[in-house]
Amino acid sequence: MPSEGRCWETLQALRSSDKGRLCYHRDWLLRGEDVLEECMSIPKLSSYSGWVVDHVLPHTQENPSPSETSSSSRSASALDQPSFAPRSPVRSLSFSPASPATPDGTKEGLRQWQEEQERKVRALSEMASEQLKRFDERKELKHHKEFQDLQEVMEKSSREALGHQEKLKAEHRHRAKILNLKLREAEQQRLKQAERERLRKEGGQARLRALYALQEEVLRLSQRLDASDPHQDPLKAGLSAFRTRGNQLCGLISGIIRAASENGFPTAEDHAAAERALQEMRDLLTNLQQEIARACEDKRRQDEEEALLKRQESQTQQGPEVHKESPAPSQGPGGKQNEDLQVKVQDSTMQWYQQLQEASSQCVLAFEGLTSSKDSQAKKIKMDLQKAATIPVSQISTIAGSKLKEIFDKIHGLLSGKPVQSGGRSVSVTLNPQGLDFVQYKLAEKFVKQGEEEVASHHEAAFPIAVVASGIWELHPRVGDLILAHLHKKCPYSVPYYPAFKEGMALEDYQRMLGYQVQDSKVEPQDNFLKRMSGMIRLYAAVIQLRWPYGNRQEIHPHGLNHGWRWLAQILNMEPLSDVTATLLFDFLEVCGNALMKQYQAQFWKMILLIREDYFPRIEAITSSGQMGSFIRLKQFLEKCLQRKEIPVPKGFLTSSFWRS
């Protein structure tokens, strides 16, 4: 077809043109140049096309020729070139002026050419669009591949991190397991060490108690050795040797105990040495008794022989036989042997003691919420109540009776729920539901503590403290029960009650039960212990004989002299304790003896005679030479009272003139 031939010719002409020979870069898309913009736009004729149609084409239609027709077709095909990129009017004048084409034919050709160009432009546009799509697909594929590579790298890194983390966890678990094993081993070692230390202490304490028991037995045997009278004993020559050896054995036991106390606890060797000493002391006493018995038997036979010779001589001289009766064996004092005294307290007294302690424990539980509260307001109330209860007791003195009455009224008002002034603030037990229980407990505790400290140092202070305590006791009986509970706990001899050592009990706990103060495994000196016990017994002896002078006289004393008589009778029915019994008897009788004498009269003097005749020998038998001070003081006091037939009024006793001051 002619049009198809022209198309190829046009393409050949374009290829051989200057523009067709240009070099194009393949990366034009990457630089963002929109080179297809002109190809995609609608083709337009040049502004010179009208001039060509008006002036050139009419002349070419007048002289048509076949050769020119072909040339015109070539020129028409050449005209296609400026339609893509017309640069100047000169290049658009490629038509020959002698073209034989008519105007109508030229318009039809231009129209066809324009349509052809439009089709080519559309084809090129579609081709460019497809190439752009392929480029976008390749770009998207590249991005997807890069994303996949990045994701794989991240997943690989994550897997490596997880693996490293698992490895660290495994190492941590392994190390933790090793540490736990080491900790368990260390804890087991610590427990074993603590158990060994506990067993060592228990064994040492048991050996120490056994040593004390051995020493007590040795001392008892030594006293039996010393009890032998050299003036009446037939074995005078060997008696001193036995006593010397007995004293050496006592010194050996004392040295073992002293060395064991310095080193902490006695060893098994120390215990064995003490047992050997005890056995030797027993053998020594047995040998002495055998020697004495042998000597007595020899002396008896000798006396019988001498008596027989005398009778024979008398019979020879007088003739008739004279029969003499042998004297009856002598009995002990009173015509009968003394029975052993009891060691344990009476059941009724023990039950009373336990009831008081239970009441004290219940009182502590009643105000536990107040003492354990973390609230600042509750702590402030507790502190104010404690000060209001204890400070007035500390101010009790013998300055004047009016001052003592003010203190009593203040304590009574506090216990009655009235507001009192303390530290510049108004205080009342109604501020807290547990306030009354707390004040009663602290007040009773303070009364006993004053006896333990103030009365122990100043004996005259017992009477003003006791008269206030007695008056409060009469109006508030629960305070009195709490006073007794505190007194019995700190001074079990005021019951009287001698706590027994139980199997498995720690030595420190037993010493606390006896009333000793133990701090950091150190027991207070004996002098301090006796001083504190003396102060509390003096306070108790003053309480049972005094009454508040402004109270109701028709009411009986809540804890009067009958309890003092009971205490004296019970303590005389119990085995005495070395240094303790003599001290407490002296303090009790010096404070309360005058009141008991007036109350019980002849019965009281019988009790005093019983102490002198029967109880003094028992106290003297268990008292060592270094502890004779308290025994001698008691003995001299009672002998002087028996001579005067009167117990003197105690020093510091409150007279009627005191209450008018």
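Please refer to the structure higher up on the page.
Residues numbered from 1 in each chain as written. Predicted model: local features only at pLDDT ≥ 70, side-chain atom pairs only at ≥ 80, totals over all residues. Heavy atoms only, no water.

Things to note about the side chain of Thr-583
This is how it is decided: Working definition: helices are DSSP H or I runs of at least four residues, strands are E runs of at least two. Numbering for both runs from the N terminus. Classification of residues uses two cut-offs on accessible area relative to the type maximum, computed with a 1.4 Å probe and protein chains only: under 20% is buried, over 50% is exposed, and between them is partly exposed. Working rule for contacts: check all heavy atoms of both residues, and any pair within 4.5 Å makes them a contact.
Its place among the elements puts Thr-583 in helix H18 (residues 580-600). Residue class for Thr-583 comes out buried when judged on its relative accessible area of 6%. Once residues lying within four places of it in the same chain are set aside, the contact partners of Thr-583 are Leu-530, Ser-630 and Arg-633.

What about the nonpolar core?
Rules: Take the buried Ala, Val, Leu, Ile, Met, Phe, Trp, Tyr and Cys residues and link them wherever side-chain atoms come within 4.5 Å; each set so joined is a nonpolar core.
Formed by 102 residues in total, the largest nonpolar core has its most connected members in Val-468, Leu-568 and Phe-588. With 12 residues, H18 is the largest single contributor of residues to this core. If sequence neighbours within four positions are ignored, Leu-568 has contacts with Leu-585, Phe-588, Leu-589, Leu-596 and Met-607. If you look at the next biggest cluster of nonpolar residues, it comprises 19 residues, including Leu-214, Leu-221, Ile-253 and Leu-285.

Topic: the side chain of Thr-390
Looking at where Thr-390 falls in the secondary structure, it is placed in helix H10 (residues 376-394). We classify Thr-390 as buried; its relative accessible area is 18%. In contact with Thr-390, other than residues within four places in its own chain, are Lys-442 and Lys-446.

Considering the pattern of salt bridges
Note on pairing: side chains with opposite charge can pair once their charged atoms come close. Convention followed: By salt bridge we mean one thing: a side-chain nitrogen of Lys or Arg within 4 Å of a carboxyl oxygen of Asp or Glu.
For the structure shown, the criterion picks out 23 salt bridges. In this structure, Arg-512 and Asp-509 form a salt bridge, with 3.3 Å as the shortest nitrogen-oxygen distance. Highlighted residues: Arg-512 and Asp-509, both in helix H15 (residues 507-513), separated by three residues, approximately one helical turn. The class of Asp-509 is partly exposed, set by a relative accessible area of 40%.

Points about the packing of helix H11 (residues 401-415) against helix H13 (residues 462-475)
Axes are the key here: two packed helices are described by the angle between their axes and the distance separating the axes. Applicable threshold: The angle between two axes is taken between their N-to-C directions and runs from 0 to 180 degrees, where each axis is a line fitted to C-alpha atoms and a helix contributes only its stretch in contact. Crossings are assigned a handedness: left-handed for a near helix turned anticlockwise from the far helix by less than a right angle, right-handed for a clockwise turn. Three categories are distinguished: nonpolar for Ala, Val, Leu, Ile, Met, Phe, Trp, Tyr, Cys and Pro, charged for Asp, Glu, Lys and Arg, and polar for the others, with Gly belonging to the last.
Direction vectors running N to C along H11 and H13 enclose 30 degrees, while the axes themselves pass 11 Å from each other. The element H11 and its partner H13 pack so that their crossing is right-handed. Residues Leu-404, Phe-408, Ile-411, His-412 and Leu-415 of H11 touch H13, and the partners they reach there are Pro-464, Val-467, Val-468, Gly-471, Ile-472 and Leu-475. Across the contact of H11 with H13, the residue classes tally to nine nonpolar, two polar and no charged.

Side note on the packing of helix H14 (residues 477-490) against helix H16 (residues 526-543)
Defined as follows: Here is the rule for angles: anything less than 35 degrees is roughly parallel, anything more than 145 is roughly antiparallel, 65 through 115 is roughly perpendicular, and the remaining ranges are oblique.
Their axes nearest at 11 Å, the elements H14 and H16 cross at an angle of 150 degrees. Taken together, the axis directions place H14 and H16 in an arrangement best described as roughly antiparallel. The crossing of H14 and H16 is left-handed. Listed contacts from H16 to Leu-484, Leu-487 and Lys-490 of H14 are Met-533, Met-536 and Tyr-540. Each residue belonging to the contact of H14 with H16 can be placed in one class, and the counts come to five nonpolar, no polar and one charged.

Quick notes on the packing of aromatic side chains
This is how it is decided: Here a Phe, Tyr or Trp ring, Trp counted by its six-membered ring, pairs with any other such ring whose centre lies within 6.5 Å, and the pair is stacked when the planes are under 30 degrees apart, edge-to-face when over 60, and tilted otherwise. Lysine NZ or arginine CZ positioned within 6 Å of the ring centre and within 35 degrees of the ring normal marks a charge as sitting over the ring.
Evaluation of the coordinates by the stated rule reveals 17 aromatic pairs. A ring pair is formed by Tyr-516 and Phe-529, whose centres lie 3.9 Å apart and whose planes are at 15 degrees; its orientation type is stacked. Pair noted here: Tyr-516 is in the loop between H15 and strand S3 (518-519) and Phe-529 is in helix H16, with a separation of 13 residues, a long-range link. Each member of the pair, Tyr-516 together with Phe-529, is buried. Relative to Trp-605, the ring of Phe-604 lies with its centre 5.6 Å away and its plane at 70 degrees, an arrangement referred to as edge-to-face. Note on accessibility: Phe-604 and Trp-605 belong to one class, buried. Here a set of aromatic residues connected by ring pairs shows up, and it is made of Phe-408, Trp-548, Tyr-550, Phe-658 and Trp-659. Against the face of Tyr-550 rests Lys-405, its NZ or CZ located 5.3 Å from the ring centre. Positioned over the ring face of Phe-586 is Arg-633, at 5.0 Å from the centre of the ring.

Looking at helix H12 (residues 435-457)
Here is the rule we go by: The span one expects for a helix is its residue count, reduced by one, times 1.5 Å. Fitting axes to the seven residues ending at a residue and to the seven starting there, one defines the bend at that residue as the angle between these axes.
In this model H12 runs 32 Å from its N-terminal to its C-terminal C-alpha over 23 residues, within 8% of the 33 Å that 1.5 Å per residue would give. Where H12 bends most, at Gly-451, the angle is about 30 degrees.

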